[in-house]
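# Commentary on secondary and tertiary structure
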Amino acid sequence: MPVKSVAIIGAGVAGLAAALSFARLGVRCDILEQAEQLDEVGAGLQISPNAARILAALDVLPQIEAQWLEPETVDLASGLSLKRLVSLPMRDVARKRWGAPYGVLHRATLQQALLAAVKRNPLCHLHLGKRLEAVSKSILAGITFQDYDLIIGADGVWSSSRYAVPGSPTARFSGNIAWRFTIAPDYVPEFLRRRCVTAFLGPSAHLVAYPLTETGGFNIVAIAAGTNPGDTWKAEAQGKQHALLVEQFRRWNPAFEQVLQHVNKPTFWPLFQAGEGSWHNGRDTVLIGDAAHAMMPFAAQGAAMAIEDAFELAAFVQRGQAVGDALSAFEAHRIPRIEKARKRAALNKFAYHASGPLRLGRDLVLSMRPPEAFLADFDWLYGYRAEGL
Ligand SMILES: Cc1cc2nc3c(=O)[nH]c(=O)nc-3n(C[C@H](O)[C@H](O)[C@H](O)COP(=O)(O)OP(=O)(O)OC[C@H]3O[C@@H](n4cnc5c(N)ncnc54)[C@H](O)[C@@H]3O)c2cc1C
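Everything quoted here is computed from the prediction, not taken from an experiment.

Our next topic: the overall build of the chain. Counting secondary structure elements, the chain contains 14 helices and 15 strands. In terms of overall size, the chain behaves like a compact globule, its C-alpha atoms giving a radius of gyration of 21 Å where 389 residues would be expected to give roughly 21 Å. Across its three principal axes, the chain shows a C-alpha extent of roughly 60 × 45 × 35 Å. Expressed as a percentage of its 389 residues, the buried residues of the chain come to 56%. Sequence separation of at least 24 residues holds for 78% of the intrachain contacts in the chain that already meet a minimum separation of 6.

This part covers the pattern of salt bridges. If charged atoms from side chains of opposite charge come close, those side chains can pair. Applying the stated rule across the entire model yields 21 salt bridges. Note that Lys 137 and Asp 284 form a salt bridge whose closest N and O atoms lie 3.6 Å from each other. Linking Lys 137 in helix α6 (residues 137–144) with Asp 284 in the loop between β14 (263–274) and β15 (285–287), this pair joins segments that are 147 residues apart in sequence. Assessed through its relative accessible area of 12%, Asp 284 is described here as buried.

We now examine the state of the cysteines. Applying the stated criterion to the full structure yields 0 disulfides. Residue Cys 29 stays outside any disulfide, its sulfur separated by 5.0 Å from that of Cys 124, the closest cysteine. With a relative accessible area of 0%, Cys 29 lands in the buried category.

Most of helix α2 (residues 49–57) is tucked away, with 7 of its 9 residues classed as buried. Listed as buried for α2 are Pro 49, Asn 50, Ala 51, Ala 52, Arg 53, Ile 54 and Leu 55. Of the residues one or two after α2, Asp 59 is the one with positive phi, at around 65 degrees.

On the basis of which strands lie adjacent, the open sheet formed by 5 strands has the order β7-β2-β1-β8-β15 and parallel pairing. The two strands at the open ends of the sheet, each matched to only one other strand, are β7 (124–127) and β15. Strand-to-strand, the axes of this sheet are offset by a mean angle of 20 degrees, without reference to chain direction. Pairing of strand β8 (residues 150–153) with β15 involves 3 bridges; the strand directions are parallel.

Below, the discussion takes up the packing of helix α1 (residues 13–24) against helix α10 (residues 302–317). Look at α1 against α10: their axes get within 8 Å of each other, and the N-to-C directions meet at 30 degrees. It follows from the interaxial angle that α1 and α10 lie roughly parallel. Helix-helix and strand crossings are classified by hand; for α1 and α10 the assignment is right-handed. Contacts from Val 13, Ala 14, Ala 17, Ala 18, Ser 21, Phe 22 and Arg 24 in α1 reach Ala 303, Ala 306, Ile 307, Ala 310, Phe 311, Leu 313, Ala 314 and Val 317 in α10. Along the lines of polarity and charge, the residues of the contact of α1 with α10 split into 13 nonpolar, 1 polar and 1 charged.

Lining the immediate environment of the ligand, one finds 33 residues, of which Glu 33, Gln 46, Arg 107, Leu 132 and Asp 290 sit closest. Here a nitrogen atom of the ligand and a side-chain polar atom of Arg 131 are 3.3 Å apart. Contact distances for the ligand include 3.1 Å between an oxygen atom and a backbone N or O atom of Ala 304. When the ligand is considered free in solution it has 1000 Å² of accessible area, and contact with the protein chains removes 92% of it. Mapped onto the shell around the ligand, the elements with two or more residues apiece are α1, β3 (44–47), β9 (171–183), β14 and α10. A total of 3 residues in the shell around the ligand trace back to one element, the largest contributor, which is α10.

Attention now moves to helix α11 (residues 323–352). Over its 30 residues, α11 runs 42 Å from end to end, which matches the ideal 44 Å to within 8%, given 1.5 Å per residue. The sharpest bend along α11 comes to roughly 30 degrees, located at Arg 334, with the proline Pro 336 sitting one to four residues further on.

Think of two packed helices as two axes; the pair is described by the angle between the axes and how far apart they sit. In contact at an axis separation of 10 Å, α1 and helix α5 (residues 107–120) are set at 30 degrees when each is read in the N-to-C sense. Looking at the two axes, α1 sits roughly parallel to α5. Taken as a pair, α1 and α5 cross one another with a handedness that is left-handed. Residues Val 13, Leu 16, Ala 19 and Leu 20 of α1 touch α5, and the partners they reach there are Leu 110, Gln 111, Leu 114, Leu 115, Ala 117 and Val 118.

Its place among the elements puts Arg 53 in helix α2. Between the alpha carbons of Arg 53 and Arg 24 there is a distance of 15 Å; along the sequence they are 29 residues apart.

What follows is about the nonpolar core. In terms of nonpolar packing, the biggest core is built from 101 residues, with Phe 22, Leu 150 and Ile 152 touching the most fellow members. Tallying contributions element by element places α10 first for this core, with 11 residues. Leu 150 has contacts with Val 3, Ser 5, Val 6, Ala 7, Phe 22, Asp 284, Val 286, Val 317, Val 323 and Leu 327, leaving out every residue within four places of it along the chain. The next biggest cluster of nonpolar side chains, apart from the first, holds 25 residues, and it includes Ala 205, Ala 209, Ile 220 and Ala 222.

Calculation criteria
- Residues numbered from 1 in each chain as written.
- Predicted model: local features only at pLDDT ≥ 70, side-chain atom pairs only at ≥ 80, totals over all residues.
- Heavy atoms only, no water.
- Helix = DSSP H or I, 4+ residues; strand = E, 2+ residues; numbered from the N terminus.
- Rg over C-alpha atoms; globule rule 2.2 N^0.38 Å.
- Buried < 20%, exposed > 50% of the residue type's maximum accessible area, 1.4 Å probe, protein only.
- Contact = heavy atoms within 4.5 Å.
- Salt bridge = Lys/Arg side-chain N within 4 Å of Asp/Glu carboxyl O.
- Disulfide = S-S within 2.5 Å.
- Pairing = 2+ DSSP bridges.
- Axes fitted to C-alpha atoms, helices over the stretch in contact; angles between N-to-C directions.
- Parallel < 35°, antiparallel > 145°, perpendicular 65-115°, else oblique.
- Left-handed = near helix turned anticlockwise from the far one by under 90°.
- Nonpolar A, V, L, I, M, F, W, Y, C, P; charged D, E, K, R; others polar.
- Near = heavy atom within 4 Å.
- Polar contact = N/O pair within 3.5 Å; in protein donor to acceptor, adjacent residues only side chain to side chain.
- Areas by Shrake-Rupley, 256 points an atom, 1.4 Å probe, with all protein chains shown as cover.
- Expected span 1.5 Å × (residues − 1).
- Bend = angle between axes of the 7 residues up to and from the residue.
- Core = buried A, V, L, I, M, F, W, Y, C linked by side-chain atoms within 4.5 Å.

Rendered as structure tokens:
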């Protein structure tokens, strides 16, 4: 039976996209978010065509397109010599090859666009300042006075909704951390290309740089081994952590020193991965996004997969079968794709952080492989058409 009313825990990318996806099919949604207000957590985000196509269907793409940058190329470069190893045409290829654009933007731009669409939609009701320690129909009814056919746990990597799903995945620290920061326009060094996404590869670490049109500066994500600061997205990389960041890149090309000296409010994020486990309770509760399958950001697909989950869940549930059956069908449909994205991320990690002879071999292979072969590797990922489109 199609559902009439849905409760969503968490107003991140997954939760807001789920609300819009269900409302699009005529379903009332209550979104319960722990934060008193939705502020600008994080830095930049790459949105690949598979996600952009869904954002278009949710009528959110025009707003973000007005503010994002479609990079001319996506490049891999050596963190030691700064030499470009691969340069993939992206702006002119993405729309033609995969039928949707590829863009980079500030995370707040995406969140604000989703939020504005949720606020415009009379079927979506956002409840801020509501942290759920446990999730059940009766707990939710005590807050919103509504009865729900479906509860969606979209509360991220440290999800509390998982407790309502027996055998749900557990999130574990990966041993890697991501430093995230922006560089003000005045301090952008010349070796960072202004219309490109560049991943610099170096021993045991990599650093991704891309421009943000919203600020005129650059977004930098640097990933290397590190320690866990606790369950937070916002640990500030001051003092010891900032010194560790500088130390990690000491063996890199000296040009990076200038970058690291002028970082703006650096934060470091512990990278957690969710293991295997059930995403639903067989009746009325399901996990999506990072709550279900937090993955390493080496393929820049976490938010994209959360958006796909949200849209496809609505399509499966509204097909008309019993909710428990729809949730089983949804999970069976999504798991192979998530696993493929995870494998891609693991392969990228292996290649990006190679050192010694492996690094030399990698650089040679990357620089000799034709760009067409790299683009073809993305067809399954970027060319994906979600159920319900
Ligand atoms: C360094 C880094 C770079 C990345 N780059 C990219 C990229 O370029 N492209 C990409 O696609 N992905 C990227 N990702 C991944 C992406 O950021 C995540 O996968 C995505 O944000 C997950 O969205 P979510 O909505 O599932 O979780 P979240 O964004 O974590 O949202 C969860 C929401 O639930 C709320 N919440 C939590 N607990 C509760 C509770 N108990 N009660 C009520 N509310 C609660 C939180 O406040 C939050 O608003 C990156 C990740 C990292 C770490």
